[in-house]
Structure formats: structure tokens, C-alpha cells
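So the chains spell out like this:
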Amino acid sequence: MHRYQILVEYASLPKFVGWQKQSKGKSIQKEIEKILTKLLKQKTIIYAAGRTDKSVAALGQSAHFDTNFKIKEINKFIKSLNFFLNPKKISIINIYKKNKKFHARYSAKERVYKYFIINRLANPVLEYERAWHIRKKLDIKLLKEGAKKLVGTHDFSTMRGKNCYSKSPIKKIKRITIKNAYK
């Protein structure tokens, strides 16, 4: 059995219900598994470092899968995957051979999140459905002060879902950067 890590980029536009397979709707996971199963000619399940919600994009989501076959030409395999996935706004950035101890979720050392707020009167066109649009002028200085309070190690018990399988609600936020892109 061979284990491979994949790095995935996607634009989870409203046509997707998010990363995780669900009984109703298309998911990023389901679309990738469908193509992997087709190319590897065996049922293939992928496990992700985390899940994203509807309308959330990813720049380098880590996931892994196991297969009976050794992938000999990684670049050719990536091109084949992307031939089918790119029209769905999903792209496999890279594939790495891993040992059986690697697990995309449990081996992850950190996660990086980016949130975009378009703070102007006009509706966004290019970043439509990828950013939060707020017309009222935001106080950037106040946002930065508030963000400082989140940096550090905190107990996020109140933010956990009832089916959360994380070992601990204690998480560390290394940094929060707030910048005004229009200045």
C-alpha cells in the first residue's frame, strides 16, 4: 500500500457544499475522490487536514490517500487529475509520497487562514463571493487592537461543534495581520 499527500487549491463557489462529502450537494472531497478512483481504477478515499465550509476557497489544502499502485510519474499524474478537476475550479498543486505514519489531519503542524473584507461603498465584482463586503467604514486601528487579544494560547471550547474530534480545545494563534489594501 502506498500513501500520497496532495496539496489542493480550489474555489468553493456556491456550487459546492464545502470540502466534506455530504448526502446532498457536490463537495470538493467527492469530486477529487471520483477522479482518483477513475484514474487509479480502485475506490479511493481522501483524508484532509481540515474541512472548509461552503464558499470557502483554499490555496494549499493538505489531504492524503492510499493506493495499491505506486505512482511512477507524479507530474503526468497531476496533469491527468487536473485535466478533469480544473474545469470544476479544483487543482492539485503537488503530490508527495509519504510513509504510513503520515496523516493529513493529525500530522498537520499549523493552519493558515485568510479572510478578506472589502470595505467600500461599491459592491465587489472581482472578489464577489470570496470576500465579506462591508459598506460602513471600518476602524482599522480598533480591529488591530481587538486582534491582539486573540494572539496567544486560548481555550476555544465555546467555538467547538458538538461532534468535534480534536484532542484539545486549546489552540495557539501565532499572528493576525490586518492591512488595508486600498491605502
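Structure shown above.
Reference entry: report on the structure contained in this document. These numbers were taken from a predicted model, which means no experiment stands behind them. (Residues numbered from 1 in each chain as written. Predicted model: local features only at pLDDT ≥ 70, side-chain atom pairs only at ≥ 80, totals over all residues. Heavy atoms only, no water.)

The next thing to look at is the overall build of the protein chain. Scanning the protein chain for helices and strands turns up three helices and eight strands. Helices and strands in the protein chain line up, N terminus first, as β-α-β-β-α-β-β-β-α-β-β. Counting only residues that meet the buried cut, the protein chain has 28% of its 183 residues in that class. As presented, the protein chain carries roughly 13600 Å² of accessible surface, and 55% of it is formed by carbon and sulfur atoms. For the protein chain, the distance from the average position of its 44 positive side-chain charges to the average position of its 12 negative side-chain charges is 3 Å. (Helix = DSSP H or I, 4+ residues; strand = E, 2+ residues; numbered from the N terminus. Buried < 20%, exposed > 50% of the residue type's maximum accessible area, 1.4 Å probe, protein only. Areas by Shrake-Rupley, 256 points an atom, 1.4 Å probe, with all protein chains shown as cover. Lys, Arg positive; Asp, Glu negative; His and termini not counted. Charge placed at Lys NZ, Arg CZ, Asp CG, Glu CD.)

So, on to a nonpolar patch on the surface. Together, Leu 150, Val 151 and Ile 176 make up an exposed nonpolar region whose accessible area comes to about 210 Å². Summarising the element assignment, Val 151 is placed in the loop between α3 (140-148) and β7 (152-155). (Patch = residues over 30% accessible without salt bridge, like charges linked within 9 Å, V, L, I, M, F, W, Y side chains within 5 Å. Salt bridge = Lys/Arg side-chain N within 4 Å of Asp/Glu carboxyl O.)

Time to look at helix α1 (residues 28-40). Because an α-helix completes one turn every 3.6 residues, residues spaced three or four positions apart along the sequence face the same direction. Here α1 contains 13 residues, and its C-alpha end-to-end distance of 18 Å stays within 8% of the 18 Å for a straight helix at 1.5 Å per residue. Of all the positions in α1, only Ile 28, Gln 29, Glu 31, Ile 32, Glu 33, Ile 35, Leu 36 and Leu 40 are classed as buried. Tucked into the core, α1 has its buried residues touching β1 (2-10), β2 (46-48), β3 (58-67), α2 (74-85) and β4 (90-98). Phi turns positive, to about 60°, at Lys 41, one or two residues after α1. (Expected span 1.5 Å × (residues − 1). Contact = heavy atoms within 4.5 Å.)

Now for the packing of aromatic side chains. Applying the stated criterion across every chain, the model contains three aromatic pairs. Ring geometry for Tyr 10 and Trp 19: centres 5.9 Å apart, planes at 40°, overall tilted. Like Trp 19, Tyr 10 is buried. For Lys 97, the ring lying beneath its charged end belongs to Tyr 4, and the centroid distance is 5.4 Å. (Phe/Tyr/Trp six-rings, centres within 6.5 Å; stacked < 30°, edge-to-face > 60°. Lys NZ or Arg CZ within 6 Å of the ring centre and 35° of its normal.)

By themselves, these are just geometric observations and shouldn't be taken as functional.
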